[in-house]
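Descriptive structure summary
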Amino acid sequence: MRYFSQLTILIFSLFSCKTNTERIVADNSIQLLIPDTTKNKRAQLDLDYIEHYSQIAKLLGFEDLKKGVNSFEIRLWNDFSFVSINELLILKQIDTTYRMTYCRLYFRHFDYENENRNRGWNAFKQPIVDSSFSKTVLLKKEDLNNLNLQEIWSLRSQSELKISDSVDFSDCYTNTIEVADSKRYKFMRHHCPSGYFEKLKLNEINKFTNYFQKIRTLANKTNAIIKQKY
């Protein structure tokens, strides 16, 4: 297995593996579990999304998950094609307690404050959060009864599955999960998972979607989500 240096952190030790997920140990001793980019266009796009979400997190003042966290943190990203709105759900452990944070993010596709910047500016690679709304709730221990937190480490990104390049959906949504603890960081992205599952019937897609929806259900149950007003 070959490894690449697209990540913006210093990598000094590489470990081979029998799966198609890269296991990389960075200078802060955090194991990065990211899809293998070897002859894999979808995994190369995953790297672009990792950087995209890292920049958004920095704009919002959140920690860089690739550097690890003291306890445990899950981030769910829900992106919509051709819409400048993203949803972010964060399930974070702080000591022995858990909290759920919901963020609705509105992005600029034109920088009105700096017209010169728009020449050659890529809104994906250089995101600007125009406005955002957030809400945080504390969770009770029993709220997590139906959520196996360790199961998340067994989920797989779409780019790790055996899917022909001829199978593709352009206008759709993208669901992404990032998870980190004090030793590991993992990234999993599925574009149009319902469409791919309907076409391919891959259990790994269904497993990812079910876990994603479990956290969404928990957020709804605990009234963490800010309802969209039309």
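To be clear, the structure that these remarks concern was listed above.
Everything in this summary refers to the structure shown in the same document. (Residues numbered from 1 in each chain as written. Predicted model: local features only at pLDDT ≥ 70, side-chain atom pairs only at ≥ 80, totals over all residues. Heavy atoms only, no water.)

Assigned secondary structure in the chain consists of three helices and nine strands. When the helices and strands of the chain are listed from N to C terminus, the series reads β-β-β-α-β-β-β-β-β-β-α-α. Taking all 230 residues of the chain together, the buried fraction comes to 48%. Within the chain, contacts between residues separated by at least 24 positions form 60% of all contacts whose residues are at least 6 apart in sequence. Accessible area for the chain stands at about 12,800 Å²; split by element, carbon and sulfur atoms hold 48% of it. (Helix = DSSP H or I, 4+ residues; strand = E, 2+ residues; numbered from the N terminus. Buried < 20%, exposed > 50% of the residue type's maximum accessible area, 1.4 Å probe, protein only. Contact = heavy atoms within 4.5 Å. Areas by Shrake-Rupley, 256 points an atom, 1.4 Å probe, with all protein chains shown as cover.)

Of all hydrophobic cores here, the largest spans 28 residues; its most connected members are I74, L91, M100, I152 and I177. If you list the elements that add at least two residues to this core, you get β4 (72-80), β5 (85-94), β6 (97-107), β7 (129-139), β8 (173-181) and α3 (203-221). Considering each element in turn, this core owes the most residues, six residues, to α3. In this structure, I177 is in contact with I74, R75, L76, I152, L155, K186, F187, M188, F208 and F212, ignoring residues within four places of it in sequence. Listed in part, the 19 residues of the second largest apolar core include L47, I50, L65 and A180. (Core = buried A, V, L, I, M, F, W, Y, C linked by side-chain atoms within 4.5 Å.)

With that settled, the discussion passes to the packing of aromatic side chains. For the structure on display, the rule yields six aromatic pairs. Ring centres of Y49 and Y53 lie 5.7 Å apart, and the angle between their planes is 50°; on these two criteria the pair is classed as tilted. With Y49 and Y53 both in helix α1 (residues 41-60) and four residues apart, the pair spans about one turn of that helix. For Y49, a relative accessible area of 13% translates into the label buried. On the basis of relative accessible area, Y53 is assigned to the buried category, the value being 1%. On the basis of an interplanar angle of 85° and a centroid distance of 6.1 Å, the ring pair of Y106 and F133 is categorised as edge-to-face. Placement of the pair is Y106 in strand β6 and F133 in strand β7, with a sequence separation of 27 residues. One aromatic cluster in this structure is built from Y49, Y53, W77, F124 and F187. (Phe/Tyr/Trp six-rings, centres within 6.5 Å; stacked < 30°, edge-to-face > 60°.)

As a further point, take the state of the cysteines. For the structure shown, the criterion picks out one disulfide. Each disulfide pairs two cysteine sulfurs, and for C172 the partner residue is C192, the sulfurs being separated by 2.3 Å. Across the S-S bond of C172 and C192 the torsion is about 70°, and the bridge reads as right-handed. Linking C172 in the loop between β7 and β8 with C192 in the loop between β9 (184-191) and α2 (193-200), this pair joins segments that are 20 residues apart in sequence. For C192, a relative accessible area of 5% translates into the label buried. (Disulfide = S-S within 2.5 Å.)

With that settled, consider the pattern of salt bridges. As enumerated under the stated definition, the model contains nine salt bridges in all. The closest approach of N and O atoms between K66 and D64, which form a salt bridge, is 3.2 Å. Residue R216 is joined to E87 by a salt bridge in which the shortest nitrogen-to-oxygen separation is 3.2 Å. You can see R216 sitting in helix α3 and its partner E87 sitting in strand β5, a full 129 residues away along the chain. (Salt bridge = Lys/Arg side-chain N within 4 Å of Asp/Glu carboxyl O.)

For the rest of this paragraph, the subject is the side chain of K186. Of note, K186 is situated in strand β9. Buried charge without a partner: K186 forms no salt bridge, and the closest opposite charge is E160, 5.3 Å away. A distance of 2.7 Å separates a polar atom in the side chain of K186 from the backbone oxygen of L155. Those residues in contact with K186 that sit more than four places away from it in its chain are L33, W153, S154, L155, I177, E178 and V179. (Lys, Arg positive; Asp, Glu negative; His and termini not counted. Polar contact = N/O pair within 3.5 Å; in protein donor to acceptor, adjacent residues only side chain to side chain.)

Using a relative accessible area of 14% as the deciding quantity, one classes E87 as buried. Of the polar contacts made by the side chain of E87, one reaches the side chain of Y102; its length is 2.6 Å. Excluding its chain neighbours within four sequence positions, the residues that come into contact with E87 are L76, W77, N78, F80, Y102, C103 and R216.

Of all ten residues in β5, seven are buried, a share of seventy percent or more. The sheet contact formed by β4 and β5 spans eight bridges and is antiparallel. Note on β5: the bridge partner recorded for N78 is E87. Once β5 ends, the chain turns through two residues before running back antiparallel as β6, passing D95 with a positive phi of about 60°. (Pairing = 2+ DSSP bridges.)

What is shown is where atoms sit, not what they do.
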